[in-house]
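# Observations on chain architecture
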Amino acid sequence: MVALDQSLTAGPPSRKGRWSEYALLSRQLKQAGLLDRRRGYYAARIALNLALLAVGLAAFVLLGDSWWQLLTAAYLAVVATQLTFVGHDAGHRQIFRSRRANDLVGLFHGNLLVGISFGWWVPKHNAHHSNPNDEELDPDIGIAVLAFTAAQARGKRGLARAISRSQAFLFFPLLVLEAAHLHVASVKAIVNGHGRANVVEGLLLLVHLVVCVTALLLVLTPVQAVAFALVQQGLFGLYLGCSFAPNHKGMPTLTEADQLDFLRRQVLTSRNVRGSRFVDFLLGGLNYQIEHHLFPNMPRPNLRRAQPLVREFCRQHDLPYTEATLVGSYSEALRHLHAVGAPLRQAA
């Protein structure tokens, strides 16, 4: 577990003053227009993604019964991840001010195009944003087969304990299963839910499944169809997991005893990924994780412009602002996972 510098904890007497620090930063970014909607950007982004999807579907039909379709599967895995990034932005109300309009975009991208329940994912992701890297409250570090803290490692039993021993080596292979996990969790949420919104989500997921299965069986042999699905879903999960993994893994974890104000809670637990605009595209803007966590509803294209302001603000207030290269961020995360699993290896 990465320890927090005690000088950065915020006890009750100083919380009001520290909240005013965040208000000051928020005012600076608002005055710079960085919280304004960017509808033109998102219209172009959605149009591009749909065009890329259409190219992939056309290639799928034209190639027909061929093992070259595995390349199409890999291509569609990339497209699915880019579609998911738009669903993520809609979930944070980055695209429109209207909740209904954002929800419609999220349902279209999440349930219909990708097969992930938007209604299930949003509250789960919001819980992560409210309590990043909190051992008790962040669902993203409450993963059954991985241990992110020493306490979690000690509590593992059976297969989960065996996996946690070597989790640094198994981390990326396990990400291949991430898409399957998201699909299963989505179906469970629909089955256990109720209400008209839940019915709509269920119907959209069903349409997604029926169309995908029908297309695979009409164009490919059964063996090719299975191989196609495994490659597309496996790479989709891997790409998606690799996009989120650099953000918090290996950063300080929190407990109820850590009294941090909002600004410090978000900055100290987040890591940015340095890089070019290609990295922005590759990671869907998630490389600006500090800015994104401080202002979740800030439109994706504004994050790059906000970064120097936030970095300078953190410098002025003696707040660590963590950045790494993409490879460096993975290295830090894997070193942390390996260190957490060390006691389990010693006890084996």
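Everything quoted here is computed from the prediction, not taken from an experiment.

Counting 27 residues, the largest nonpolar core has Ile116, Trp120, Leu216, Leu220, Phe228 and Phe236 as its most contacted members. Elements with a minimum of two residues in this core: α2 (39-63), α3 (69-91), α4 (99-114), α5 (118-130), α9 (178-192) and α11 (222-244). Tallying contributions element by element places α3 first for this core, with seven residues. Those residues in contact with Leu220 that lie beyond four places of it in its chain are Phe60, Gly64, Asp65, Ser66, Gln69, Ala225 and Phe228. Leu254, Leu263, Leu268 and Phe295 belong to the second largest nonpolar core, which has 22 residues in total.

Turning next to the environment of Tyr321. Relative to the helices and strands, Tyr321 resides in the loop between α15 (300-316) and β2 (323-324). Ignoring sequence-local partners within four residues, the contact set of Tyr321 consists of Asn272, Ile290, Glu291, Gln307, Val310, Arg311 and Cys314. Separated by 2.9 Å, the side chains of Tyr321 and Asn272 make a polar contact. A polar contact is formed between the side chain of Tyr321 and the side chain of Gln307, at a distance of 3.5 Å.

Considering all chains together, one arrives at eleven salt bridges under this definition. In this structure, the salt-bridge partner of Arg300 is Asp89, at a minimum N-O distance of 2.9 Å. Here Arg300, found in helix α15, pairs with Asp89, found in helix α3; they are 211 residues apart in sequence, far enough to count as distant. Classification of Asp89 as buried rests on a relative accessible area of 1%.

With that settled, consider a nonpolar patch on the surface. A cluster of nonpolar side chains, namely Val199, Leu203, Leu206, Leu209, Val210, Val213 and Leu217, defines an oily patch on the protein surface of about 630 Å² accessible area. Note on placement: Leu217 falls in helix α10 (residues 196-219). Its relative accessible area of 53% is what places Leu217 among the exposed residues.

Applying the stated criterion to the full structure yields seven aromatic pairs. Between Phe171 and Phe172, the ring centres sit 5.4 Å apart and the planes meet at 70°, which makes this aromatic pair edge-to-face. Classification of Phe172 by relative accessible area gives partly exposed; the value is 26%. Ring pairs connect the aromatic residues Tyr22, Phe262 and Phe295, which therefore count as one cluster.

Calculation notes
Residues numbered from 1 in each chain as written. Predicted model: local features only at pLDDT ≥ 70, side-chain atom pairs only at ≥ 80, totals over all residues. Heavy atoms only, no water. Core = buried A, V, L, I, M, F, W, Y, C linked by side-chain atoms within 4.5 Å. Buried < 20%, exposed > 50% of the residue type's maximum accessible area, 1.4 Å probe, protein only. Helix = DSSP H or I, 4+ residues; strand = E, 2+ residues; numbered from the N terminus. Contact = heavy atoms within 4.5 Å. Polar contact = N/O pair within 3.5 Å; in protein donor to acceptor, adjacent residues only side chain to side chain. Salt bridge = Lys/Arg side-chain N within 4 Å of Asp/Glu carboxyl O. Patch = residues over 30% accessible without salt bridge, like charges linked within 9 Å, V, L, I, M, F, W, Y side chains within 5 Å. Areas by Shrake-Rupley, 256 points an atom, 1.4 Å probe, with all protein chains shown as cover. Phe/Tyr/Trp six-rings, centres within 6.5 Å; stacked < 30°, edge-to-face > 60°.

Nothing here speaks to function; it is geometry throughout.
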